[in-house]
Number of protein chains: 2
Amino acid sequence: MKDLSQTMQDYLKAIATLDRGGEVSTTDIAAALKVSPASVTSMIKRLASMKLIQHKAYRGVVLTHAGRKVAMEIIRHHRLIELYLAEALGYTWDQVHAEAENLEHHISEDFEDRIAKILGDPKYDPHGDPIPTKDGHLPPTVHDRLCDADVDDVLIVRRVNDDDAELLRTLTEHGIGLATTVRVVERDETSGHITIRVRRTTVRLQHSSASRIFVERQAVVS
Amino acid sequence: MKDLSQTMQDYLKAIATLDRGGEVSTTDIAAALKVSPASVTSMIKRLASMKLIQHKAYRGVVLTHAGRKVAMEIIRHHRLIELYLAEALGYTWDQVHAEAENLEHHISEDFEDRIAKILGDPKYDPHGDPIPTKDGHLPPTVHDRLCDADVDDVLIVRRVNDDDAELLRTLTEHGIGLATTVRVVERDETSGHITIRVRRTTVRLQHSSASRIFVERQAVVS
DNA sequence: TCGTAGATTTAGACGTGTCTAAATTTCTTC
DNA sequence: GAAGAAATTTAGACACGTCTAAATCTACGA
Ligand SMILES: [Mn+2]
Ligand SMILES: [Mn+2]
Ligand SMILES: [Mn+2]
Ligand SMILES: [Mn+2]
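Calculation criteria
- Residues numbered from 1 in each chain as written.
- Chains lettered and ligands numbered in written order.
- Predicted model: local features only at pLDDT ≥ 70, side-chain atom pairs only at ≥ 80, totals over all residues.
- Heavy atoms only, no water.
- Donors = N, O, S within 2.8 Å, 3.2 Å for Na, K, Ca; no water.
- Helix = DSSP H or I, 4+ residues; strand = E, 2+ residues; numbered from the N terminus.
- Buried < 20%, exposed > 50% of the residue type's maximum accessible area, 1.4 Å probe, protein only.
- Axes fitted to C-alpha atoms, helices over the stretch in contact; angles between N-to-C directions.
- Parallel < 35°, antiparallel > 145°, perpendicular 65-115°, else oblique.
- Left-handed = near helix turned anticlockwise from the far one by under 90°.
- Contact = heavy atoms within 4.5 Å.
- Nonpolar A, V, L, I, M, F, W, Y, C, P; charged D, E, K, R; others polar.
- Near = heavy atom within 4 Å.
- Polar contact = N/O pair within 3.5 Å; in protein donor to acceptor, adjacent residues only side chain to side chain.

Moving on, we come to the coordination of the manganese ion (ligand 1). Residue and element names in this part refer to chain A. Donor atoms from the polypeptide that bind the manganese ion (ligand 1) are His78 (NE2), Glu82 (OE), His97 (ND1) and Asp162 (OD), placed at 1.9 to 2.1 Å. Spacing between the donor residues of the manganese ion (ligand 1) along the chain follows H-x3-E-x14-H-x64-D. Taken together, the positions of Glu82 in helix H4 (residues 65-89) and Asp162 in the loop between strand E3 (154-160) and helix H7 (165-173) put the pair 80 residues apart, joining distant regions of the chain. Residue Glu82 is classed as buried on the basis of its relative accessible area, which comes to 0%.

Right, dumping it as structure tokens:
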């Protein structure tokens, strides 16, 4: 379709990722991309003039249909690449994100199609993040955070944010991955720490870590 | 090592590719990269100030040791990627070049090492071009062109330039690939055409095509 | 040796994407 | 509702990589 610069693609991806239904703020985009708010304003104007976003001055931006399409395309690339790196090249889940971040902008549609086929048209990446379909639809996504769980909840890890490689390595060390079942054994409301039990060992997580882990309530066995 | 822009990497790669022992001219670089000679001059100055090339005004450029190292690194990426695309993703030899041209600048050292290992530390890419080793050494390369062969020469195709996808497809159609044996049946000195015989069929090639095909003289059977 | 064709460089401009500092608008709080 | 704080935009600058047009240099033939 379009032939947007890598920078523009990154802005659109960031806006899509930050989207919570309403407008996305200049400051949030600036923080996500590690550029100044002034830079964001100037790029916003260009993206708006290309009808990829809607911009009301001082009010934030919203993706247009065209802008969302581009963003989903990039996110699809990113997550397919992550899964391919893990499945075909032996990357661990803490390594794939950085590599995919670079490659996502530089593969052809043909490459995308080929790895998607080899992977069997997967719906989820190595972190449990949904892979947008070719037409931009997102598979169902778990949104319940471990940091919001109650003591004695029995939970299945379904998704972990991919942007903290250190956390991913720590989880691996403790044998925690996707589909791992954990039980909440303690919530320290003052410090925010959450302690969980997994396969006979106990793991104490900071609030910031627990907020990156998304869980599903264990189905009740009849 | 360095973190050069994709553009600088492409200039260094072009210079390395155009290198015939002496200086490489501004015009040749401009033609290879499809930019104006003036653009080349300005980039030459920057690369020279970074000690990646040596430049004598009006006299052309030569890669320094550091510059050659960068170029070999990119060429290694390019050719490893081409081979990986062919072996692992089912690309044909006319498809790999365009994809590799983009990816070569964006893979990590780790990615390079992983595909090199999976491929068994290969020495040649799908077009028979030598893959530089990690320390920048080039495996032996065939330099004899089919266009220079004599009538009745029996030759083995060892290398084909990868920059003409159309030619690569034509060769495939005629069953000509690496290691294919061909015999020169006619040279038309006026038009430059060369006619070859391959497995009971006859193929007539333009001079420009034959000049892209590199051959080895068939070993004499005792 | 001279003159010129062709190659190369210089000059000046432009688009992209970034920055800091200053101006403006919106939000919060009293 | 007004003041100050916070967010956003504007203004002006800069590096990169490109261009065209003009100036300059080199090489080659007469
Ligand atoms: Mn990721
Ligand atoms: Mn990116
Ligand atoms: Mn190639
Ligand atoms: Mn390239």
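Continuing now.
What follows is about the coordination of the manganese ion (ligand 3). All names here are of chain B. In the first shell of the manganese ion (ligand 3), the protein supplies His78 (NE2), Glu82 (OE), His97 (ND1) and Asp162 (OD), at 1.9 to 2.1 Å from the metal. Motif for the manganese ion (ligand 3), donor spacing along one chain: H-x3-E-x14-H-x64-D. Of this pair, His97 sits in helix H5 (residues 96-103) while Asp162 is found in the loop between strand E3 (154-160) and helix H7 (165-173), placing the two residues 65 residues apart along the sequence. No difference in accessibility class separates His97 from Asp162, as the two residues are buried.

Right, let's get into the packing of helix H4 (residues 65-89) of chain B against H5(B). All names here are of chain B. One way to put it is that H4 packs onto H5 with a least axis distance of 9 Å and a crossing angle of 130 degrees. Judged on the interaxial angle alone, H5 and H4 are oblique. The crossing of H4 and H5 is right-handed. Contacts between H4 and H5 involve His78, Ile81, Glu82, Leu85 and Ala86 from the former and Val96, His97, Glu99, Ala100, Glu101 and Leu103 from the latter. Across the contact of H4 with H5, the residue classes tally to six nonpolar, two polar and three charged.

The next subject is the protein's contact with DNA strand C. Near DNA strand C there are 24 residues, and of these A:Ser5, A:Ser39, B:Thr27, B:Lys45 and B:His55 occur at the shortest range. In the interface set of DNA strand C, defined as its atoms within 4 Å of the protein, sugar plus phosphate atoms amount to 80%. Between DNA strand C and B:Thr41 there is a distance of 2.9 Å, counted from a phosphate oxygen to a side-chain nitrogen or oxygen. Elements with a minimum of two residues in the surface near DNA strand C: helix H1 (6-18) and helix H3 (37-49) of chain A together with helix H2 (26-33) and helix H3 (37-49) of chain B. Here the residues of the surface near DNA strand C sort into 10 nonpolar, 10 polar and four charged.

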